[in-house]
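Commentary on secondary and tertiary structure
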Amino acid sequence: MNIALVTPAGSGSRAGNRHTALRWAGFLRKAGHAVSVMQQWRPDPRTELLLALHARRSHDSIRLFAQTHPGRPLILALTGTDIYRDLDHSAEARESLRLASRFIVLQREALSRLPKSRRSLAHVVIQSSSTLLRHRPVKRGFRVSVIGHLREEKDPLRALHALDHVPRDLAIEVLQVGASLDPRLERGSRPGYRRVGGVPHARALAYLASSHAMVISSRMEGGANVVSEAIRIGVPVLASRIPGNVGLLGRGYPAYFPVGNERALARLMTRAATDAGFYRQLKRCIATLRPLVAPASESRMLLAALRG
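Structure report, in brief. (Residues numbered from 1 in each chain as written. Predicted model: local features only at pLDDT ≥ 70, side-chain atom pairs only at ≥ 80, totals over all residues. Heavy atoms only, no water.)

**Side note on the nonpolar core**
Put simply, the test is: Joining through side-chain atoms within 4.5 Å is the link that ties buried Ala, Val, Leu, Ile, Met, Phe, Trp, Tyr and Cys residues into a set, and such a set is a nonpolar core. Accessibility here uses a 1.4 Å probe with only protein chains present; expressed as a share of the type maximum, an area under 20% marks a residue as buried, one over 50% as exposed, and anything in between as partly exposed. Put simply, DSSP H or I for four residues or longer makes a helix, DSSP E for two residues or longer makes a strand, and each gets a number counted from the N terminus.
Membership of the largest hydrophobic core comes to 77 residues, with the highest contact counts inside it found for Trp 24, Leu 51, Ile 104, Leu 249 and Met 269. Sorting elements by how many residues they give to this core places helix α9 (residues 262–274) first, with six residues.

Pasting the structure below:
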């Protein structure tokens, strides 16, 4: 099948949507399909199927394909901003939802956000990681990493603020990895806090593997790549209790904190650093989830979504 895969993230971008698009293209090519990755679809009679990431930002391509080839399959992969913001506020996103013949969501909790009439058309595709790195935390202190570009919806400085509420005699280091996409998030420093800025993906994964735990403090997520990467490597995750995180880690996962609550996060960081039994529990939970983020698992789910 000749597939056009549309993503708003351009070539060279380090955005999660770009990583997802390239990984999916690889799975589809391995399965025998011809795949072109692009930012915008132009009329092409050879395109047999359109796979678009992002309902609002890929809306022009979705509408044009539906008008040009009304009988051909159009699969929409819904991002976190689609599910948890744009479907409520964007007419373009809602039109994309109406035009799509099938949907992909990146974690199970997202299904409940779709209109009941459309849920039967949705498939869950949990993002994978192929990294061969294994968890080898640094020997000195207790390193907590925060990995991802600094954007408001990620609440990226919550772990920094949590340092104000951990015991002063604990050698907890917060390592912030990611470029700032918002000047308002440039400020902030504390003893024990280190920012390394934007780095290549391989180096970010090395920082992750060297951490005792990873914090994901987002206010909104569709199903973060970095959570799958932490699970793959074996790094315990301290996560804000939002559907995008719960949908990946499970409702019974023991290390959630309320969104925006640095005191609760500080308690989790302190417990992970000082309570060996709790830390072993987190490691066991992460190990249980590891098969879900294997590349073969994601490939099967993606191909099932294409078959409908």
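**Considerations on the sheet that holds strand β12 (residues 256–257)**
Rules: Pairing between strands is defined by DSSP: at least two bridges between the two strands are required.
Within the open sheet, the six strands sit side by side as β9-β8-β7-β10-β11-β12. Their pairing is parallel. A strand with exactly one partner marks an edge of an open sheet, and here the two such strands are β9 (193–197) and β12. Across two bridges, strand β7 (residues 142–147) lies against strand β10 (residues 213–216) in parallel orientation. Bridged to Val 144 within β10 is Ala 213.

**Here's the deal with the pattern of salt bridges**
Where we set the bar: By definition, a salt bridge exists where a carboxyl oxygen of Asp or Glu is found within 4 Å of a side-chain nitrogen of Lys or Arg.
Applying the stated criterion across every chain yields a total of 17 salt bridges. Of the charged contacts, one joins Glu 173 and Arg 143 as a salt bridge, the two residues approaching to 2.9 Å between their closest N and O atoms. Placement of Glu 173 in strand β8 (residues 172–177) and of Arg 143 in strand β7 is noted, with a sequence separation of 30 residues between them. As a salt-bridge pair, Lys 154 and Glu 221 come within 2.6 Å of each other at their nearest N and O atoms. Of this pair, Lys 154 sits in the loop between β7 and α5 (158–162) while Glu 221 sits in the loop between β10 and α7 (225–233), and the two are 67 residues apart along the sequence. The network of salt bridges with shared partners includes Glu 152, Asp 155, Arg 158, Arg 219 and Glu 262.

**Brief notes about the side chain of Arg 118**
We apply this condition: Positive charge is attributed to Lys and Arg, negative charge to Asp and Glu, and no charge count is given to His or to the chain ends. Note on definitions: a residue-residue contact is assigned when non-hydrogen atoms from the two residues lie within 4.5 Å.
Turning to its location among the elements, Arg 118 is positioned in the loop between β5 (102–105) and β6 (122–124). Buried charged residue Arg 118 carries no salt bridge. Nearest counter-charge: Glu 95, at 12 Å. Sequence-distant contacts of Arg 118, that is, excluding residues within four places in its chain, are made with Leu 97, Arg 98, Ala 100 and Phe 103.

**Quick word on the packing of helix α3 (residues 80–89) against helix α4 (residues 91–99)**
Note the cut-off: Geometry is summarised by axes, namely lines fitted to C-alpha atoms with helices restricted to the contacting stretch, and by angles between N-to-C directions that run from 0 to 180 degrees. Our angle categories are set so that under 35 degrees counts as roughly parallel, over 145 as roughly antiparallel, 65 to 115 as roughly perpendicular, and the remainder as oblique. Charged residues are taken to be Asp, Glu, Lys and Arg, nonpolar residues to be Ala, Val, Leu, Ile, Met, Phe, Trp, Tyr, Cys and Pro, and polar residues to be all remaining types, Gly included.
α4 packs onto α3 with a crossing angle of 105° between their chain directions and a minimal axis gap of 5 Å. Classified by the angle their axes make, α3 and α4 are roughly perpendicular. Taken together, the residues of α4 that come into contact with α3 (itself represented by Asp 86, Leu 87, Asp 88 and His 89) are Ala 91, Ala 93, Arg 94 and Leu 97. Of the residues that constitute the contact of α3 with α4, the class distribution is four nonpolar, one polar and three charged.

**Describing the sheet that holds β6**
By way of backbone hydrogen bonds, the strands of a sheet pair with one another, either parallel or antiparallel. With respect to topology, six strands assemble into an open sheet ordered β2-β1-β3-β4-β5-β6, the strand pairing being parallel. Each edge of the open sheet carries a strand with a single partner, namely β2 (34–38) and β6. Going across the sheet, the axis of each strand differs from the next one's by a mean of 20°, ignoring polarity. When strand β4 (residues 74–77) meets β5, the two strands line up parallel, connected through three bridges. Paired with Ile 75 across the bridge in β5 is Arg 102.

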